[in-house]
Each structure stands twice: as structure tokens, then as C-alpha cells.
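# Examining the three-dimensional arrangement
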Amino acid sequence: MKRSVVVAAVVAVLAAAAGAATAFTGGRETPVAQAVPVATAEVIRGDLVDTVSVEGTLTFTGERRIRTGAAGMITWVPRPEATVRQGGALFAADRRWTVLMRGDVPLYRALRQGVTDGPDVLQLERGLKALGYGDDMTVDRHFSYATAQAVRAWQKDRGWNRTGVVDASQVVFLPGTVRVTRVTAAVGDLMGPNAEVLTASSTRQVVHLDLDVDRQDLVRQGAQVSAELPGGKTVKGKVIRVGPVVRKASASQQGEESTVDVEIALSGGKKGKAFDKDQAPVTVTLESERREDVLSVPIEALLALRDGGFGVEVVEPGEARRTVSVQTGAYGGGRVEVSAPGLRAGTKVRVPAS
């Protein structure tokens, strides 16, 4: 269907410039009046790429809910879009701070001297070291006396009781620096244990596509794309995830529509800086077809032949001209693949003057 649309567009262009064409009749060249000034363009050998534009959304990966570790009244929350790094405050309840430390395992138990060895202990010790505590502490899976002393020194600097014990009211383990997406609690709210205070995401920004399932052949893991951001800036990107087919109710409420979740990582952004606001619209250009090492001419160089098909008017040294019938192939980037006996790269063909 796409090829038919492109061919129809070519025919429309040719019809508009019909006065400038030279047509074939029974194999004879029949010149017609030149009504449009013309110029020349070269036949080029190279790759020809056709593209499709789809709409996506600029967003952040890894959104998570941040919850209270104990009951209390909320006394401080961050602003939306704030960035929180290791050791930074996520919120405060009863004026007790809950801070971020890096780790993939949630803090599911209180950590103190005597607990069994585990990856949560390793995460805590790594965090304490990164924050400048525990010179005598060995970073491993064991909560030692040196670990407890490092915890007490950290607690003292934070203004907490020096218990040597760390629980979920003090620390939330997350994989890295986070960006506050939404604050769901307000200062003064009385919250119970495990109540949601805010949501946060990573600072890694991606483009998300809900791609129609009939277009899923346009994307593959690692494929290079380009994206036009709000404001018109175009950056390069790479497909990092192609999800399974998802069926959901259509917007028109007429049955279901099937889509594929696609994530695209962008290049060109400053570290820790977003290209734009969350949920901003983005236009992504996907490669739909590629023809390698072919001859091509600008689409407007094609002439509609009276006997059917297309031709190009070759301009030879000395301004001699002849019309050559060509076989057309793929279209892309304003050019069309052509082939004909004797046609080669560097040959000049006539095009309408701009």
C-alpha cells in the first residue's frame, strides 16, 4: 500500500510537469514543448533508505513507589523532578529522614550486628564507604563490629540516635540516582507503615513507542533510529527493547488493538540532564526498507512514458539529450532506485529547475 501511495505521488508530480517531458511513442522519441525550466542532477550509486515516522513519548525508565518504613507524620517531601543521589533525603516523617542508598535488594529486615550474612549487608557497607564512613570496615556480606561503628558515625552526623541498627525507616535501597516523578503525600499527612509517599524513576531517559503490531517488523534490538524532540532538535537513538505484543481496548471502543512496546535510548544528552520534560511528544523515524549499492535519481527526474512505465532524460556532453526507459525500484529520501542498460553513476539527468 505504501508503494502505491509513493507511485501515486510520483505520477502527480509528473503530471504537474508534463509540459517538460519527452515521451516515447512506438520506440521513437517525440519531443514536446518545454514549459518548465530544467536543471541536471547526477545518477548516484549507494544505499537507498525508505523511512516511516511514528509518534512516541519521552519518558524515564524504572519508575518505583517509595513507601514509609514506619508510621508517622510527613514533615518534608521533595519537589517533583528533584534528583536524589546516594545519601540524599527522599522524605521525612516525624522529622526523621529516610535516605537513599544504592542497591537492588529492598531493605526487608533491620540490619544490626548478629544478622546473617546477605546482599543487603553488602549494599549497606558499600553505601557507607561511598559516603565516607567505615575506614576499618571490610565491605562484604557480613555485619561486623566495624560495620556497626560505621553506622553509628553516620547516624551521629545525621542527627539520629546512635543505635548501630539500620531499618526501613532510615534507608531505601534503589539501583541508583533517582528523579522524583510524583509526590503523593503532603506535609502534615499522617501515614501508616508501607504508605506511598512518592514515585521516583531513574534519570535514564528513553523514548517509548506503542507501535502497531503490523509495524513490528520495522524495529529490532540494536537498530539505529532518529528522533525529533520538542523544539525541532533531531538526535540519534538505538532500540534497546522490543516487548511482546499487548492487546488493549481501542480508543474508539470498537474491539481491541494490538501494539508492541518499544524503548529507544537517545544519544546527545548531557549526563544527568533531561532532553525535555517527562511525557513530551517525540517523532521517531524508523527505517522501513534499505536497498544497498543501487543507482538512484531524484524522484522528479522521472518521466511518465506514453507506452507505460518511466524514463529519465540523459544529458550527454555537448548538451545532447536522449530519453532512456528505466526500471524503478525502492523509494526513499526523495530518490528512487533506477536501472537501465548503460546507465551508470555520474550520468547527468534532467530535473525541473527550482
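Sequence order sets the numbering: in each chain, residues are counted from 1 along the sequence as written. Two thresholds apply to this predicted model, a pLDDT of at least 70 for residue-level local features and 80 or more for giving and counting side-chain atom pairs, whereas whole-chain, interface and lining totals are computed over all residues. To obtain the side-chain values, all non-hydrogen atoms of the structure were used and water was disregarded.

Before going further, it helps to examine helix H3 (residues 145-158). Since there are 3.6 residues in each turn of an α-helix, residues three or four apart along the chain are aligned in direction. Each helix corresponds to a stretch of at least 4 residues labelled H or I by DSSP, and each strand to a stretch of at least 2 residues labelled E; elements are numbered beginning at the N terminus. Multiply 1.5 Å by the residue count of a helix minus one, and that product is the helix's expected span. Between its terminal C-alpha atoms H3 stretches 20 Å, which fits the 20 Å expected from 14 residues at 1.5 Å a residue. Buried within H3 we find Ala146, Thr147, Ala148, Ala150, Val151, Trp154 and Gln155. Contacts are assigned to residue pairs with any non-hydrogen atoms lying within 4.5 Å of each other. Where the residues of H3 are buried, they touch strand E9 (96-102), helix H2 (119-130) and strand E10 (171-174). Sitting at the head of H3, Ser144 places a side-chain oxygen 3.3 Å from the backbone nitrogen of Ala146. One or two residues past the end of H3 sits Gly159, with phi positive at roughly 85 degrees. Any residue under 20% of the maximum accessible area for its type is buried, any over 50% is exposed, and the rest in between are partly exposed; the area is computed with a 1.4 Å probe on protein chains only. Throughout this description, a polar contact denotes any pair of N or O atoms lying within 3.5 Å of each other; where both atoms belong to protein, one of them has to be capable of donating a hydrogen while the other can accept it, and for residues adjacent in sequence the pair is counted only when both atoms sit in side chains.

Our focus in this paragraph is the sheet that holds strand E12 (residues 190-191). Pairs of strands are assigned from DSSP output, requiring at least two bridges between the strands. In spatial order, the strands read E10-E9-E8-E6-E12; together these five strands make up an open sheet with mixed pairing. Two strands in the sheet have a free side with no partner beyond their single neighbour: E10 and E12. Where strand E6 (residues 72-76) lies against E12, two bridges are found, and the strand directions are antiparallel. Directly across from Met73, in E12, lies its bridge partner Leu190. Each axis is a line fitted through C-alpha atoms, taken for helices only over the stretch in contact, and angles between the N-to-C directions span 0 to 180 degrees. Strands in contact with H2 are E9 and E10; relative to E9, the strand with the most contacts, it is inclined by about 100 degrees.

Two rings belonging to Phe, Tyr or Trp (six-membered ring only in the last case) form a pair when the distance between their centres is within 6.5 Å. Interplanar angles under 30 degrees mark stacking, angles over 60 mark edge-to-face geometry, and anything in between is tilted. With the rule as written, the count across this model stands at two aromatic pairs. Relative to Trp97, the ring of Trp76 lies with its centre 5.4 Å away and its plane at 70 degrees, an arrangement referred to as edge-to-face. Remark: Trp97 occurs in strand E9 and Trp76 occurs in strand E6; sequence separation between them is 21 residues. Where Trp154 meets Trp160, the ring centres are 4.9 Å apart and the plane angle is 90 degrees; that geometry is what we call edge-to-face. Considered together, Trp154 and Trp160 belong to a single accessibility category, that of buried residues.

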